[in-house]
Amino acid sequence: MMTSSPSWLGPIVVAPFIGSFLGVLAMRVPAGRAVFWGRSACDRCGRALSFLDLVPVASWLFSRGRCRHCGEGVTSLYTLIELGAAAVAIWAATAVNGWILWASCGLGWGLVALAVIDVRDGLLPDLLTLPMLLAGLGVAYAADASSLPAHVYGAVAGFAAFGAIRWLYGHLRGREGLGLGDVKLLAAAGAWVAWQGLPSVVLVAAIIGLGGALLGRSAARPISLQQRLAFGPGLCLGIWLVWLYGPLR
């Protein structure tokens with residue numbers, strides 16, 4: 001008699017391949033390049049990459065981080081994102097199971113892509129934040145239809161709260177202090193963790209942002225009031241923690 005594989009095995013197996021696609025998103029979306037069309041190629045010599053060049057993690061390790069056509073170094077970003085996607089799946093499997101595990105992995109993978117893009121390019125693209133918002137509402141309805149209003153209120157409250165802060169700062173200082181992408185990401189957060197989870201998400205994000213600023217200062221890189229600090233990664237971590245473990249108490 002055959003036994004079925006553990007429910008956590010599927011997400012962990014596919015995670016590195018999802019991570020490979022997330023790397024494509026992170027590199028192409030900010031540059032305005034097509035995501036679903038066009039073969040992957042070496043950024044140095046332009047040679048198209050074969051399947052053997054695209055096996056998650058293994059290809060980069062086997063080639064020692066160099067293009068096998070021109071010998072130039074290849075960015076490790078793809079490999080890091082692939083490992084990050086695997087870490088997300090393993091982490092989620094310790095907290096949830098069943099179809100919620102797949103939903104959690106989908107959320108986590110999207111958050112990884114958003115965090116990377118925000119750090120590299122200062123963007124939180126609608127291509128990721130808006131589908132994440134809709135997915136959060138869909139998961140809430142599927143898990144418990146009676147909880148949907150709280151998640152809708154959360155999405156509205158998240159957008160309204162950060163939208164008001166963005167407008168007020170711009171009105172008082174005459175420049176942008178909070179990106180519109182952050183506003184939409186907090187709306188997506190509300191869709192996933194409901195309005196009750198939003199304060200915890202913002203608190204975690206603020207702690208991460210403050211920690212990043214202090215690290216920058218300790219590394220002898222003075223921080224000015226005009227310097228932009230990526231708030232998205234902190235929001236992403238806050239969403240992830242509150243989704244898996246609930247609001248802080």
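Scoring rules and cut-offs
Residues numbered from 1 in each chain as written. Predicted model: local features only at pLDDT ≥ 70, side-chain atom pairs only at ≥ 80, totals over all residues. Heavy atoms only, no water. Patch = residues over 30% accessible without salt bridge, like charges linked within 9 Å, V, L, I, M, F, W, Y side chains within 5 Å. Areas by Shrake-Rupley, 256 points an atom, 1.4 Å probe, with all protein chains shown as cover. Salt bridge = Lys/Arg side-chain N within 4 Å of Asp/Glu carboxyl O. Helix = DSSP H or I, 4+ residues; strand = E, 2+ residues; numbered from the N terminus. Buried < 20%, exposed > 50% of the residue type's maximum accessible area, 1.4 Å probe, protein only. Axes fitted to C-alpha atoms, helices over the stretch in contact; angles between N-to-C directions. Parallel < 35°, antiparallel > 145°, perpendicular 65-115°, else oblique. Left-handed = near helix turned anticlockwise from the far one by under 90°. Contact = heavy atoms within 4.5 Å. Nonpolar A, V, L, I, M, F, W, Y, C, P; charged D, E, K, R; others polar.

Engineer: Any details on a nonpolar patch on the surface? Residues and values, ideally.
Structural biologist: Residues Trp8, Leu9, Val13, Val14 and Trp102 make up a contiguous nonpolar surface patch of about 440 Å² in total accessible area. It is helix H1 (residues 9-28) that provides the largest number of residues to the nonpolar patch, a total of 3 residues. In this fold, Val14 is placed in helix H1. Given the relative accessible area of 30%, Val14 is considered partly exposed.

Engineer: Describe unusual backbone geometry, listing the residues and the values that go with them.
Structural biologist: For Ala194, which is not glycine, the phi torsion reads 65° and is therefore positive. Take Ala194: its relative accessible area is 5%, and that puts it in the buried class.

Engineer: Outline the packing of H1 against helix H3 (residues 77-93), supporting the account with residue identities and numerical values.
Structural biologist: With their axes 7 Å apart at the nearest point, H1 and H3 run at an angle of 140° to one another. One finds that H1 runs oblique with respect to H3. Handedness of the H1/H3 crossing: right-handed. Contacts from Pro11, Ile12, Ala15, Pro16, Gly19, Ser20, Leu22, Gly23, Val24, Ala26 and Met27 of H1 reach H3 at Leu77, Tyr78, Ile81, Glu82, Ala85, Ala86, Ala89 and Ile90. For the contact of H1 with H3, a count of residues per class yields 15 nonpolar, 3 polar and 1 charged.

Engineer: Help me get a handle on the pattern of salt bridges, residues and values and all.
Structural biologist: This model, assessed by the stated rule, comprises 2 salt bridges. Note that Asp121 and Arg120 form a salt bridge whose closest N and O atoms lie 3.1 Å from each other. The class of Arg120 is partly exposed, set by a relative accessible area of 42%.

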